[in-house]
Amino acid sequence: MEPIRNKTKQLAKEFIDKGDPFGWFERLYDDANGDEKAVPWADMTVNLNLAEWLERERIRGEGNRAIVVGCGLGDDAEALAQLGFEVTAFDISPTAIAWCQTRFPDSTVSYQVADLFETPMTWQGGFDFVLESYTLQAMPKEVRDRAVPKVAALVKTNGSLLIICRGRSANELAETVPFPLTREELNAFQANGLDEVEFEDYFETGTSARRFRVTYRRS
Ligand SMILES: C[S@@+](CC[C@H](N)C(=O)[O-])C[C@H]1O[C@@H](n2cnc3c(N)ncnc32)[C@H](O)[C@@H]1O
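Residues numbered from 1 in each chain as written. Predicted model: local features only at pLDDT ≥ 70, side-chain atom pairs only at ≥ 80, totals over all residues. Heavy atoms only, no water.

1. Here's the deal with the overall build of the protein chain
What counts is decided by this rule: Counting from the N terminus, the helices are DSSP H or I runs at least four residues long and the strands are E runs at least two residues long. Throughout, a contact is declared for two residues whenever any of their heavy atoms are within 4.5 Å. Charge counting follows a simple rule: Lys and Arg are positive, Asp and Glu are negative, and His as well as the terminal groups are ignored. Here the site of a charge means NZ on Lys, CZ on Arg, CG on Asp, or CD on Glu.
Counting its regular elements, the protein chain contains eight helices and seven strands. Referenced to the eigenvectors of the C-alpha coordinate spread, the extents of the protein chain come out at roughly 45 × 40 × 35 Å. Put simply, 63% of the contacts in the protein chain that link residues at least 6 apart link residues at least 24 apart. With 25 positive and 36 negative side-chain charges, the protein chain shows a separation of 2 Å between the mean positions of the two kinds.

2. As for the sheet that holds strand S5 (residues 155-166)
The condition is simple: Whether two strands pair depends on DSSP finding at least two bridges between them. Helix axes are fitted only over the stretch in contact, all axes being lines through C-alpha atoms; the angle between N-to-C directions runs from 0 to 180 degrees.
Spatially, the seven strands line up as an open sheet ordered S3-S2-S1-S4-S5-S7-S6, and their pairing is mixed. Two strands bound the open sheet, and with one partner strand each, they are strand S3 (110-113) and strand S6 (195-203). The average angle at which neighbouring strand axes cross in this sheet is 15°, direction not considered. Pairing geometry for strand S4 (residues 127-133) and S5, over six bridges, is parallel.

3. Considering the packing of helix H1 (residues 2-17) against helix H2 (residues 23-32)
Test applied: Put simply, angles under 35 degrees are roughly parallel, angles over 145 are roughly antiparallel, angles from 65 to 115 are roughly perpendicular, and the rest are oblique. Here a crossing is taken to be left-handed if its near helix is turned anticlockwise relative to the far helix by less than a right angle, and right-handed if that turn runs clockwise.
Orientation of H1 relative to H2, taken along the N-to-C sense of each, is 140°, at an axis distance of 8 Å. As summarised for this structure, H1 and H2 are arranged oblique, according to the angle between their axes. The handedness of the crossing between H1 and H2 is right-handed. Of H2, the residues touching H1 (which contributes Thr-8, Leu-11, Ala-12 and Phe-15) are Gly-23, Trp-24, Arg-27 and Leu-28.

4. Re the site of the ligand
To be explicit about the condition: In these notes, residues near a molecule or strand are those with any non-hydrogen atom within 4 Å of it. For this analysis, a polar contact is any N or O atom pair within 3.5 Å, provided that within protein one partner can donate a hydrogen and the other can accept it, and provided that sequence-adjacent residues contribute only side-chain to side-chain pairs. Each accessible area value is a Shrake-Rupley result obtained with a 1.4 Å probe; residue values ignore everything except the protein chains displayed when judging cover. In this analysis the probe radius is 1.4 Å and the grid spacing 1 Å, with only protein atoms considered; a cavity is a set of points the probe fits into but cannot get out of, a pocket is an open set with protein on both sides within 12 Å along at least five of seven lines, and lining residues have an atom within 4 Å of a point. Each molecule is assigned to a cavity or pocket provided more than half of its atoms lie within 2 Å of the corresponding grid points. Under this grouping Gly is polar, as are all residues other than the nonpolar Ala, Val, Leu, Ile, Met, Phe, Trp, Tyr, Cys and Pro and the charged Asp, Glu, Lys and Arg.
The local shell around the ligand holds 18 residues, among which Tyr-29, Gly-70, Asp-91, Leu-116 and Ser-133 are the closest. At 3.1 Å, a backbone N or O of Ile-92 approaches a nitrogen atom of the ligand. A total of 590 Å² of accessible area belongs to the ligand in isolation, and the protein chains cover 95% of it. Mapping the ligand onto the cavity grids shows that it belongs to the largest pocket. Residue assignment for the shell around the ligand shows that the elements contributing at least two residues are H2 and strand S2 (86-91). Considered class by class, the residues forming the shell around the ligand number twelve nonpolar, four polar and two charged.

5. Looking at unusual backbone geometry
Following Val-177, the chain continues into Pro-178 via a peptide bond in cis, with omega recorded as -5°. For Pro-178, the location among the structural elements is in the loop between S5 and helix H7 (183-186). Within the chain, Asn-33 stands out as a residue other than glycine whose phi angle is a positive 50°. A positive phi angle, close to 50°, is found at Arg-58, a residue other than glycine. Position of Arg-58 relative to the elements: it lies in the loop between helix H3 (48-56) and strand S1 (65-69).

6. Quick notes on the packing of H2 against helix H5 (residues 94-103)
H5 packs onto H2 with a crossing angle of 45° between their chain directions and a minimal axis gap of 7 Å. Classified by the angle their axes make, H2 and H5 are oblique. For the pair formed by H2 and H5, the contact residues are Glu-26, Tyr-29, Asp-30 and Ala-32 on the first element and Pro-94, Thr-95, Ala-96 and Trp-99 on the second. Looking at the contact of H2 with H5 residue by residue, the class counts come to five nonpolar, one polar and two charged.

Pasting the structure below:
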């Protein structure tokens, strides 16, 4: 996996340095040519941090609307659909979305190509549950700062947002993708109308990766 991760960091840097912080995603998926091993975040199963949380919180969809931001190859969206949510899952990469549709031909998930910065008006305040995992951390700080209000805006009144990301302390550097987030910058969700319900800071089981898993609610 290491060569793929290094190649990904290099590709991301190349695009970010030329002022195109999103172009590398489509390039990476397209270059992968259907081989998930070329996509470093593609576990081809639900994110363990999400699965644990869904089970612990006894989450049930009950027909509520959920949206997955930057859905990648779709496993987390499928997990939410299995729990009974009506799921929309979007990604900026057309190749990723086509890949989801090929992987899950009978899915109830509505997979859509969309840019977080230009989501349809009808999505604003439209979702009972919003999931963002590993997408903010793939954006450089200045882009992330602009992305936070866009994610927050999707949450309906009484709806929830779950963020899963790499975490770091404010005095640690974040120079390459993935850029771990700080607790301080996540506070921006509160400035965008959400209440923090729970902030978990832990090391993922079996890895040295520090994670933040944060739940917010719009009251
Ligand atoms: C690091 S990957 C994580 C994918 C998925 N959430 C997962 O955990 O496997 C980040 C994803 O966000 C997507 N993405 C990046 N910028 C985006 C944007 N502005 N709008 C929508 N999707 C975006 C990328 O194409 C990529 O699939």
